[in-house]
Protein chains: 2
Amino acid sequence: MLFFTQCFGAVLDLIHLRFQHYKAKRVFSAAGQLVCVVNPTHSLKYAPTRCAVAQTSAEQGGLPPCHHHEAVHDPQLVPCTCPLFSCPWEGHLEVVVSHLRQTHRINILQGAEIVFLATDMHLPAPTDWIIMHSCLGHQFLLVLRKQEKYEGHPQFFAMMMLIGTPTQADNFTYRLELNRNQRRLKWEATPRSVLECVDSVISDGDCLVLNTSLAQLFSDNGSLAIGIAITTSKVHNGEAEM
Amino acid sequence: MLFFTQCFGAVLDLIHLRFQHYKAKRVFSAAGQLVCVVNPTHSLKYAPTRCAVAQTSAEQGGLPPCHHHEAVHDPQLVPCTCPLFSCPWEGHLEVVVSHLRQTHRINILQGAEIVFLATDMHLPAPTDWIIMHSCLGHQFLLVLRKQEKYEGHPQFFAMMMLIGTPTQADNFTYRLELNRNQRRLKWEATPRSVLECVDSVISDGDCLVLNTSLAQLFSDNGSLAIGIAITTSKVHNGEAEM
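Because the structure is predicted, anything quoted here is derived from the model rather than measured.

Conventions adopted
Residues numbered from 1 in each chain as written. Chains lettered and ligands numbered in written order. Predicted model: local features only at pLDDT ≥ 70, side-chain atom pairs only at ≥ 80, totals over all residues. Heavy atoms only, no water. Helix = DSSP H or I, 4+ residues; strand = E, 2+ residues; numbered from the N terminus. Buried < 20%, exposed > 50% of the residue type's maximum accessible area, 1.4 Å probe, protein only. Contact = heavy atoms within 4.5 Å. Areas by Shrake-Rupley, 256 points an atom, 1.4 Å probe, with all protein chains shown as cover. Disulfide = S-S within 2.5 Å. Salt bridge = Lys/Arg side-chain N within 4 Å of Asp/Glu carboxyl O. Pairing = 2+ DSSP bridges.

A separate point is the overall build of chain A. Tallying secondary structure elements over chain A gives seven helices and 15 strands in all. Within chain A, buried positions represent 49% of all 242 residues. Within chain A, residue pairs in contact and separated by at least 24 positions form 61% of the contacts whose partners lie at least 6 positions apart. Here chain A has roughly 11500 Å² of accessible surface; of this, 55% comes from carbon and sulfur atoms.

This is the structure we're talking about:
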């Protein structure tokens, strides 16, 4: 009996996922864009003081990695960049991706343009929606975070970070796009490096910020679809386009 | 002596305005776009409860004008739509523009694409930057408001409102664009009607919202340049463009 109940539950889940996938495809390009349903994870790591040290030294100039522990002897080692969990791991930048996949079960997607469909936007803060995105020979971490920067007023912060150095990150431009109800919001920027941390990107305001009413305007039945595109940077020529 | 001091002050002001105009032209299209320097006005009218009555009746269905006084007998009369001052004026929609120009000294600009350069962004909330914009045979009110929706945390809200009815407003789409430091933020939406009020647009979140750190990222020396374009609405076909 228990077996049948579980089977029935699994089938229901599959139907639900399929339905969400269909909805996202309807909203976004039908031209073969990959729609990725991303479920939320309650952030176990979030502590406002996490990056205090890194931020203070950043103010003094320089751009330090966001060290959690003080015993980093090899300067080529970076700490775990997973925004979800406190993790004692450290290793070379080249193996961060496999660590995030294997230890933290973060999915990785291929494709220059994808649709990130974050479900259950109503869940209380702090909550994160995270995937990795492989594109143009590099891997990016896409983070959507619901956080109460001001107590009682949750906001959504969406950003793309390169799993690489800040210098490498400067070679790319990413675009996040929301499109619903005859409204459209686009954010274009240079990705930050995962060596900086999510908290400092949020405190700099260098990401797409949505308050709850704006997020609701763009949500469909509790899910928010974000169109994502990554390109290599050219010389910015905003003047000619405006 | 006083005369010479005043002359010198006026010349300095002119140089300052010219410099700001030049900066905005440099940031935005050099292709003959009109750059309008908009100085702030400390809002004397702002009261969070102003639209409480209108919002309650809006929830019950229908879209009432934002009445300040209860003695509106002629349903064709609308109250003064100036977001800056409490004003007992009421009149027909057709004469709102001349009232705003003559009584409240709000400038009006021509052109399909203009650059709105808001100065002195550091001034404390509540502050408004307002112009009218004449385009496609209609007049629009562009409002940038700095307001503390959450105490101690000022935000900027930018919106375009048609000086006309909600049905007329549905025929247009407006775009606000910020572009600086290799970052770009675009908001596209249908304008709201001035018969709704600024406060209810802000509480609906139906406008471009910037927190102070994001506003600083896009500001240049305390001034924020917003590129504005208005078009007539076509059937929205976001799917094909994403």
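With that out of the way, let us pick up the state of the cysteines. Summed over all chains, the structure comprises zero disulfides over all chains. Cysteine C135 of chain A is unpaired, with the sulfur of C36 of chain A as its nearest cysteine sulfur at 14 Å. Free of any disulfide, C207 of chain B has its nearest cysteine sulfur in C197 of chain B, 12 Å distant. Since its relative accessible area comes to 0%, C207 of chain B is described here as buried.

Further remarks concern the pattern of salt bridges. Residues and elements named next belong to chain A. Under the criterion given, the structure shown has 18 salt bridges over all chains. Put simply, R192 and D204 hold a salt bridge, and the shortest N to O gap is 2.9 Å. Taken together, the residues R192 in strand β12 (residues 192-193) and D204 in helix α5 (residues 198-204) connect sequence positions twelve residues apart. Given a relative accessible area of 14%, R192 falls into the buried group. Classification of D204 by relative accessible area gives partly exposed; the value is 37%.

The next thing to look at is the pairing of strand β6 (residues 113-118) of chain B. Residues and elements named next belong to chain B. In terms of burial, β6 is a largely internal element, five of the six residues being buried. Bridge analysis of strand β1 (residues 34-38) against β6 gives five bridges, and the strand direction is parallel. Directly across from V37, in β6, lies its bridge partner L117. Here six bridges tie β6 to strand β15 (residues 223-232), and the two strands are oriented antiparallel to one another. In the strand pairing of β15, E113 is matched with A229.

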